[in-house]
Every structure is written in structure tokens, then in C-alpha cells.
Amino acid sequence: MKTTVDDLLKRTFIKLRSDWGFKRAFSTPENAEVLKKFLNALFEGKMVVTDVTFQDKEVLPMTASGKRSYYDAYCTTKEGNHFVVEMQRKPAKLFGNRMVFYVSACIFRQGVKGSNYKFDPVYLIVITDFDMKPFEKRIVNEVVLMERETNVVLTEDIKIYFLSLNQVSRNWDECKTELERILYLVKNMENLNKESKPYKSGEYKEMFNASEIASMGAEDIVEYQSSIMKEMERESELEYAMEEGIEKGKLDVAMRMKDNGFSNGDIMLATGLTEQQIQTLSQSTTK
């Protein structure tokens, strides 16, 4: 049984994997502590983020005819580091290329004067609801520019981190690191309540406060509802397109098998089509 918009609105916390929910928790000044906690969990002491300044999330095109894009979250620190955070629910064509473009745009907007090609470090963090191919199936895959055979890194100032929610444990007690626990909350927030272990631990009150539906104003609730409705419509359209593609694929296979003399029984077994569908296909090809 599919979850409806009404189901989500009756719950205690919003869906952080939704576009609106993720931006509310990770991309607003009032919830800056959520983003800082997340970044520090990712870098595990290798870098300490003590402050964040949110920047314009719009990625302007390089030409008049170019396409505008928007980061989910974009901030800088007093040390000069740039952090872009993205949430991606479904695999998309050329998604990896898009992430490279985001990094490049973040460097380009810093500006370069004369022959000075020095730029502030850019870190792109991508949370995916799927395993990013062709990488190994693990929570964190860190991507840098390096020489292929020697693995010598060209620069430490450009990094992309792909974080897979697919690889996060289904059980809260099995999440051993701070990063795993935060990603668990991103993955499961809409299914939690104030009796759940994560809430009662008190360690992540910033995330729960940012996600609580009861604390949202009427305008925010309307925006959240609208966002969820659009998301569900997109998923429904995608499912329909996939079903149409699968059905067309079956019909193409059936037609080729028919042309090669296979019996209706063999075609039914191979494609899952009914005898009536195969007969209809035969009739349409003889007209």
C-alpha cells in the first residue's frame, strides 16, 4: 500500500528525503547546526566546521542560452572552504556529469584574476537513495582527481563524496558512527516518532526540531504538501513510463519470436504475455 500525502502529514516528522524536507533541514540559517553536525560527522576530525555561511544556491548558466540549476545546499566557512550538498532520490542520465558541472560552477563563480588560478577548496557531498554506479557498494565513496596508474592525487581542493542511503543499516543500534546515525535519520525520519530510540537519545535534537511537523507554520505545511504531491506525481509518471517501456519490450521480443517460428506457448513462457495479446499482435502484423 502506497504512502499518501495525508499519511505523511499525519506523522510526527517530515520526509527528509523529499526535496523540500531536505532543504528545510540542511539549507536554512536557523538550522545551521544540522548542517555543521553532518559535515563534521563526514570528515571525522580531518576538518572541523565551526561556522557556516549560506550562499546563493542558484547556478547561473555560462551563456545566455544555458540552463539554470540549483544546489540543494551551498555554504562557505570562515576558513574559505566551499560545501555543496545534494540529495538525489533516483538515478538519472549523466548524473555524474551534472555533479562535475556543479563543482566546476562552484569554482568558476569564485572568479580568477590575471594569471592566479588559486581557488578555495570545493567539496561536493551527494546523498543518494541508491548505489552510485560504478562505485563499490559502501556508505562513502570519495572521488578526487588523480593519475590512474599511480593513484597520485592532482589536487586536494576538489572532492566529491557520494553517500549511499542504501548501505545504511536498517537498525538504529547497528549504526556505529555519527555519520551512519545522521544518514539513518535522513532515510527514516518520516517513520519515526517521539517514542523512537533516536529521538529519546537526545543526541540529534536539532534534526528532530527542524523536522517536526507540529512546529511548522501553515505556509510551510502547504509548501511541504505541494512538494510531496509533485514528487509523487513525478514518481507515478516514471513508473508509468517504465511499465510502458517494459510492455513495448515484451511486444518487440514476441514479434521477433513469432517471425522466427516460435509457438504461442513458447512466446508466452518467454515474455509473460497472454495468448490473446500474442494473437492480437499476430493480427496487427498481417494487416
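Predicted model, so just to flag it, every value in this text is computed and none were measured.

### Brief notes about the nonpolar core
What tends to happen in soluble globular proteins is that the nonpolar side chains get buried as a cluster.
Reasoning step 1: Residues F38 and L39 are the most contacted members of the largest nonpolar core, which totals 51 residues.
Reasoning step 2: Residue contributions to this core peak at 8 residues, all from helix α3 (residues 32-43).
Reasoning step 3: Beyond its immediate stretch of four places on either side in the chain, L39 contacts V49, V52, C75, F83 and I125.
Reasoning step 4: By size, the runner-up hydrophobic cluster in this structure holds 20 residues, among which are V59, Y102, C106 and F162.

### Considerations on the pattern of salt bridges
Reasoning step 1: Throughout the structure, instances matching the rule amount to 17 salt bridges.
Reasoning step 2: The partner of K194 in a salt bridge is E212, with the nearest N and O atoms 2.8 Å apart. Residue K194 is located in the loop between α5 (178-188) and α6 (197-201), and its partner E212 is located in the loop between α7 (205-211) and α8 (218-259); the two are separated by 18 residues in the primary sequence.
Reasoning step 3: Looking at K194, the relative accessible area reads 34%, which means it is partly exposed.
Reasoning step 4: Here K200 makes a salt bridge to E195, at a shortest N to O gap of 3.2 Å.
Reasoning step 5: If you follow the salt bridges from partner to partner, you end up with K15, R17, R89, D129, E190, E231 and E235 in one network.

### Regarding the packing of aromatic side chains
Reasoning step 1: Scanning the entire structure with this criterion turns up 17 aromatic pairs.
Reasoning step 2: On the numbers, 6.3 Å between centres and 70 degrees between planes, the contact of F95 with F130 is edge-to-face. Placement of F95 in helix α4 (residues 95-108) and of F130 in the loop between β6 (122-128) and β7 (140-143) is noted, with a sequence separation of 35 residues between them.
Reasoning step 3: You can call F130 buried: its relative accessible area is 10%.
Reasoning step 4: Taken together, a centroid distance of 6.0 Å and an interplanar angle of 90 degrees make the contact between W172 and Y204 edge-to-face. With W172 in the loop between β8 (158-164) and α5 and Y204 in the loop between α6 and α7, this pair connects stretches of sequence that are 32 residues apart.
Reasoning step 5: Judged by relative accessible area, Y204 falls into the buried class, the value being 1%.
Reasoning step 6: Three or more aromatic residues joined by ring pairs make a cluster, and in this case those are F43, F83, Y123 and Y161.

### Thoughts on unusual backbone geometry
Reasoning step 1: The amide bond that connects K133 to the next residue, P134, takes the cis arrangement and shows omega of 5 degrees.
Reasoning step 2: Here P134 lies in the loop between β6 and β7.
Reasoning step 3: Although it is not a glycine, E44 sits at a positive phi angle of roughly 45 degrees.
Reasoning step 4: Looking at where E44 falls in the secondary structure, it is placed in the loop between α3 and β1 (53-54).

What counts, and at which threshold
Residues numbered from 1 in each chain as written. Predicted model: local features only at pLDDT ≥ 70, side-chain atom pairs only at ≥ 80, totals over all residues. Heavy atoms only, no water. Core = buried A, V, L, I, M, F, W, Y, C linked by side-chain atoms within 4.5 Å. Buried < 20%, exposed > 50% of the residue type's maximum accessible area, 1.4 Å probe, protein only. Helix = DSSP H or I, 4+ residues; strand = E, 2+ residues; numbered from the N terminus. Contact = heavy atoms within 4.5 Å. Salt bridge = Lys/Arg side-chain N within 4 Å of Asp/Glu carboxyl O. Phe/Tyr/Trp six-rings, centres within 6.5 Å; stacked < 30°, edge-to-face > 60°.

Take it as geometry only, folks, not as evidence of what the structure does.
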